[in-house]
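Residue strings, one per chain:
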Amino acid sequence: NAGVMQNPRHLVRRRGQEARLRCSPMKGHSHVYWYRQLPEEGLKFMVYLQKENIIDESGMPKERFSAEFPKEGPSILRIQQVVRGDSAAYFCASSRGPTVTHQPQHFGDGTRLSIL
Amino acid sequence: DAKTTQPPSMDCAEGRAANLPCNHSTISGNEYVYWYRQIHSQGPQYIIHGLKNNETNEMASLIITEDRKSSTLILPHATLRDTAVYYCIVSRSAGGTSYGKLTFGQGTILTVHP
């Protein structure tokens, strides 16, 4: 069974450009979560989505960041007008149900975003 | 959201059992204990979770004290590939908009030596 697939693995952007990070959840999983790990820091929750709905975006920066999980296709984390501080590893996780139902989240290997 | 406390680092000899402790004294009755690990440059890997009974799977065992205020993750025969940061996480209880979130602390850096 394929795990959570993230692409690209590495992404380089210049300041002011847009970054699009993709996440395909595991088969049968309809819940997707995005986390960010800044250099030398722990993972921080960003957003939780279920198909076509944002359930919790309490960890998302208010500006420039958006996420979607359409009915068809992967989940997308979009960062507009990137700045140097956006350089980080972005991890996606998926689960069959929300954590409250105690279905564990399974993570992809992340996208390393570097801003020049 | 129950807070967890873990030692910052631990060492273990290859082939020996690695016992990683975690304190979660404010855990509430319907919160589970989850363990994940992150090997350098990879995504976090789910290991095991439990509520109050001890749990075992192909990777590890989880021992939860009777009062549920602490737990221990046991890797029975550690290998060099078990060197990683291990995170103990208490899940949020039901309700509210943040119930999907996992809150990662600093974890324990486990180093397995030859």
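Residues numbered from 1 in each chain as written. Chains lettered and ligands numbered in written order. Predicted model: local features only at pLDDT ≥ 70, side-chain atom pairs only at ≥ 80, totals over all residues. Heavy atoms only, no water.

K.L.:
I tried to follow the environment of Asp 56 of chain A on my own but got confused; where do I start?
P.N.:
All names here are of chain A. Inspection of the secondary structure puts Asp 56 in strand E6 (residues 53–56). For the pair formed by Asp 56 and Gly 110, sequence separation is 54 residues and the distance between their alpha carbons is 20 Å. A polar contact of 2.8 Å, which involves the side chain of Asp 56, links it to the side chain of Ser 58. (Helix = DSSP H or I, 4+ residues; strand = E, 2+ residues; numbered from the N terminus. Polar contact = N/O pair within 3.5 Å; in protein donor to acceptor, adjacent residues only side chain to side chain.)

K.L.:
Looking at this model, I keep getting lost on the state of the cysteines. Mind explaining?
P.N.:
Among covalent bonds in proteins, the disulfide is the one between the sulfur atoms of two cysteines. Counted by the stated rule, this structure contains 2 disulfides over all chains. A disulfide bridge connects Cys 23 of chain A with Cys 92 of chain A, and the sulfur atoms are separated by 1.8 Å. Torsion about the S-S bond of the Cys 23 of chain A and Cys 92 of chain A cystine: about -60 degrees, corresponding to left-handed handedness. Here Cys 23 of chain A is found in strand E3 (residues 19–24), whereas its partner Cys 92 of chain A is found in strand E9 (residues 88–95), with 69 residues between them in sequence. The two residues Cys 23 of chain A and Cys 92 of chain A agree in class, both being buried. A disulfide bridge connects Cys 22 of chain B with Cys 88 of chain B, and the sulfur atoms are separated by 2.1 Å. The chirality of the disulfide connecting Cys 22 of chain B with Cys 88 of chain B is left-handed, given an S-S dihedral of about -80 degrees. Of this pair, Cys 22 of chain B sits in strand E2 (residues 18–23) while Cys 88 of chain B sits in strand E8 (residues 84–90); the two residues are 66 residues apart in sequence, bridging distant segments of the chain. (Disulfide = S-S within 2.5 Å. Buried < 20%, exposed > 50% of the residue type's maximum accessible area, 1.4 Å probe, protein only.)

K.L.:
Any chance you could explain the interface of chain B and chain A here in plain terms?
P.N.:
Size of an interface: often given as the accessible area lost when the parts come together. The interface is formed by 22 residues belonging to chain B together with 23 residues belonging to chain A. Buried surface at the junction of chain B and chain A, both sides included, amounts to about 1,900 Å², of which 58% is carbon and sulfur. The tally of links between chain B and chain A comes to 0 salt bridges. At the surface where chain B touches chain A, the tally comes to 6 residue pairs in polar contact (both at pLDDT 80 or more). Elements with a minimum of two residues in the side of chain B that touches chain A: strand E3 (33–38) and strand E4 (45–50) of chain B. A per-element tally of the side of chain B that touches chain A places E3 of chain B first, with 3 residues. Across the side of chain B that touches chain A, the residue classes break down as 10 nonpolar, 11 polar and 1 charged. (Contact = heavy atoms within 4.5 Å. Buried area = accessible area lost by both parts, 1.4 Å probe. Salt bridge = Lys/Arg side-chain N within 4 Å of Asp/Glu carboxyl O. Nonpolar A, V, L, I, M, F, W, Y, C, P; charged D, E, K, R; others polar.)

K.L.:
Where do I start with the nonpolar core in this structure?
P.N.:
As a rule of thumb, nonpolar side chains are buried together in soluble globular proteins. Residues and elements named next belong to chain A. In this structure, Trp 34, Met 46, Leu 77 and Tyr 90 are the most contacted members of the largest nonpolar core, which totals 22 residues. Of all the secondary structure elements, the ones that give two or more residues to this core are E3, strand E4 (31–37), strand E5 (43–50), strand E7 (65–68), strand E8 (75–79), E9 and strand E11 (111–115). Tyr 90 has contacts with Gln 6, Leu 21, Tyr 35, Arg 36, Met 46, Phe 65, Leu 77, Ile 79, Gly 110, Thr 111 and Leu 113, leaving out every residue within four places of it along the chain. (Core = buried A, V, L, I, M, F, W, Y, C linked by side-chain atoms within 4.5 Å.)

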